[in-house]
Structures are given as structure tokens and as C-alpha cells.
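For reference, the chains in residue letters:
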Amino acid sequence: MRASLVSSSPARRGKAALVGAALLALAACDGGSATVPDRSPKVGPFPAADRPVAAIVSARWSTEENRDRLNEAGEVMAKAGIKPGMTVADIGAGEGYYTIRLANRVGKEGRVLAEDIVADVRDALALRVAREHLESVSVRLGAPNDPRLPAASFDRILMVHMYHEIEQPYEFLWRMRPSLKPGGLAIVVDADRPTQNHGTPPALLKCEFAAVGYSEVATYDMPSAGGYLAAFRATGPRPEPSAIKACRLHARS
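I will try to describe carefully the structure that is included in this document. (Residues numbered from 1 in each chain as written. Predicted model: local features only at pLDDT ≥ 70, side-chain atom pairs only at ≥ 80, totals over all residues. Heavy atoms only, no water.)

Next up on the list: the overall build of the chain. What the chain contains, in helices and strands, is 8 helices and 7 strands. By the burial criterion, 50% of the 253 residues in the chain qualify as buried. Considering only contacts in the chain between residues 6 or more positions apart, those separated by 24 or more positions represent 77%. For the chain, the accessible surface area stands at approximately 12000 Å², while carbon and sulfur atoms represent 55% of it. (Helix = DSSP H or I, 4+ residues; strand = E, 2+ residues; numbered from the N terminus. Buried < 20%, exposed > 50% of the residue type's maximum accessible area, 1.4 Å probe, protein only. Contact = heavy atoms within 4.5 Å. Areas by Shrake-Rupley, 256 points an atom, 1.4 Å probe, with all protein chains shown as cover.)

Below, the discussion takes up the pairing of strand β5 (residues 180-190). Two faces, one strand: in a regular strand the side chains alternate between the faces of the sheet. Within β5, 8 of the 11 residues are buried, leaving the element largely enclosed by the surrounding structure. Both strand β4 (residues 154-160) and β5 contribute to a ladder of 6 bridges, which runs parallel. When the bridges of β5 are listed, I157 appears paired with A186. Remark: the β4/helix α7 (residues 169-176)/β5 crossover connection has right-handed handedness. Pairing between β5 and strand β7 (residues 227-234): 5 bridges, direction antiparallel. (Pairing = 2+ DSSP bridges. Right-handed = clockwise from strand over helix to strand, strands pointing away.)

On to the pattern of salt bridges. What the rule picks out here adds up to 11 salt bridges. Here R248 makes a salt bridge to D50, at a shortest N to O gap of 3.3 Å. Of the two residues, R248 sits in the segment after β7 while D50 sits in the loop between α2 (10-25) and α3 (64-69), which places them 198 residues apart along the sequence. Accessibility expressed as a relative area gives 26% for D50, which makes it partly exposed. Between R67 and E72 there is a salt bridge, and its shortest N-O distance comes to 2.7 Å. (Salt bridge = Lys/Arg side-chain N within 4 Å of Asp/Glu carboxyl O.)

Taken across its 10 residues, helix α5 (residues 97-106) has 8 buried, putting it largely inside the fold. For α5, every residue scored as buried is listed here: Y97, Y98, T99, I100, R101, L102, A103 and V106.

Once that is clear, we can look at the packing of aromatic side chains. In this structure the tally under the stated criterion is 5 aromatic pairs. Ring geometry for Y97 against Y98: centres 5.1 Å apart, planes inclined by 85°, an arrangement best described as edge-to-face. Accessibility expressed as a relative area gives 4% for Y97, which makes it buried. You can call Y98 buried: its relative accessible area is 4%. (Phe/Tyr/Trp six-rings, centres within 6.5 Å; stacked < 30°, edge-to-face > 60°.)

A few words now on unusual backbone geometry. With a phi angle near 55°, H133 is a residue other than glycine that sits in the positive phi range. As for its placement among the helices and strands, H133 is situated in the loop between α6 (119-131) and β3 (137-141). Of note, H198 is a non-glycine position whose phi angle comes to about 60°, a positive value. Checked against the element boundaries, H198 lands in the loop between β5 and α8 (202-211). Residue classification places H198 among the partly exposed positions, given a relative accessible area of 23%.

All right, on to the environment of F172 then. As for its placement among the helices and strands, F172 is situated in helix α7. Placed 25 residues apart in sequence, F172 and P147 show a C-alpha to C-alpha distance of 6.9 Å. Non-local contacts of F172, meaning those with residues more than four positions away in its chain, are made with I91, A143, P144, N145, D146, P147, M159 and I166.

For the rest of this paragraph, the subject is the state of the cysteines. Under the criterion given, the structure shown has 1 disulfide. Here C207 engages in a disulfide with C247; their sulfurs sit 2.1 Å apart. Taking the sign of the S-S torsion, -100° for the link of C207 and C247, the bridge is left-handed. With C207 in helix α8 and C247 in the segment after β7, the pair connects residues that are 40 residues apart, well separated along the chain. The class of C207 is partly exposed, set by a relative accessible area of 26%. (Disulfide = S-S within 2.5 Å.)

Pairing is mixed in the open sheet, where 7 strands are placed in the order β3-β2-β1-β4-β5-β7-β6. The sheet is open, and its two borders are formed by β3 and β6 (214-222), each paired with just one other strand. Each strand axis lies, on average, 20° off the axis of its neighbour in the sheet, ignoring direction. Contacting β4, β5, β6 and β7, helix α4 (residues 72-79) crosses the sheet at an angle of about 145° to β6. (Axes fitted to C-alpha atoms, helices over the stretch in contact; angles between N-to-C directions.)

Rendered as C-alpha cells:
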């Protein structure tokens, strides 16, 4: 009797269909566990960051309504040069504020890959993507030291208010580099304040990117996004991990 009641409920059938669609959105993922990943430093050839690392406190930086009133996403996407047909990665996607708006910007011919390192957050975003029928979006579970992006795939990689949470920035940026297409850009949006206070001084950001072989293309003040936007391009050969030198900048730029 219980089985027949469940199967005959339209609401339950709709929820089951939504979960099924979310599983399809996750089909391109690497299928991590439903727990928060281990964020402890790992021994390896990369230098440790000589700066504090901010803790992940929330998947939400501000409400979407407030952000839209300031036209945050519109200004960021315009400054980042995101256009229809592009392929974009949204790293640290959280609840999907940028994921949803990026999908609308790149259109049906474009693609968006949304990545987060917390499995429960990733799963909630996959449900949202399914609920809003965003067929151009896939969702992936990343790792604290590796975004796990496919090679030569992205015109833009977006990291919004999350760079200061990366414990191993040199390894992360080193592993991210091959995923950019020729001419592709990595875009960071952050606040100009110390990393322990959930920001990154622009001079420190530029130094850490440069250490892994990126050059700064442009930096803009972005009051609507609570800070600034910086764009970087990979230049020259990717350095050997053992050749990377940690930055020693702690003061505000």
C-alpha cells in the first residue's frame, strides 16, 4: 500500500524526476564522497603559501537579490569579456549565483562547468541546475589543491571570493593552468584585505600567479563585487614545481 501511495503522488514523482535530472547534471563529475574533503596541507614539491588561509564559512557571499541590485555579475562578466559561445569554469561555485548567470550569458552554444570542493554544496547546486533546466551546465567536485578541470577547455576560469580559501595556491594554479585554452584568462574577484580577513591584497595575488607563470592582463576596481577584478593569462612554459618560489608579501598593496 505504501509503495502505491508513493508512486501515485504527483509531487513525489516531480521530486524524483528532479533528482534524476540532477544526477544527469552530475554525470560529468568525478563522484566524490558526501563529506567535506580533507583540507590539510600535503607534502609534495610545491612551496607552502607564506600567508594565512581563510576558512570556508559559507557557500554564500551575499544574497543574490542584493548582488543583482548592484549588477555585480553583469559588471564582472563584462570586464571578464565573457561572450556567447564561450566555455567557462566557475570555481568555488557555491550556491550557483554566477553559474546561473554565466549559463545565460554564454547561451546554448556555450558551456559552463561549476566546481566546488564540498560535496553537499555540489549536490545542492546540481539540483538547482536541474530545476532551472540548464542543459549547458555540468557540475563537478574539485579538490582543495586541484580543480580537476579538463585540459585546453576553457576561455575563462572564474574564481569569485574564494581565492583566499585556497590552502595550496601554487599547486592549485599549476594544476589549473593546462585547462585554459590558448588566449584564455583566469579571472579573480576578491576584496583588497588580508587573506585571513577573506580577501587577497592585489600585489600578493599578482605575485602568486606570476610564480606559476601567469602574467597580469588587467585589474579593475569592482565596488559592486566588494573589491576588485584581476585577469591573468598563462605565459611561457609551466615551471617545474620545485622551481616555484613562494611569495613573501603580507602587507596591503
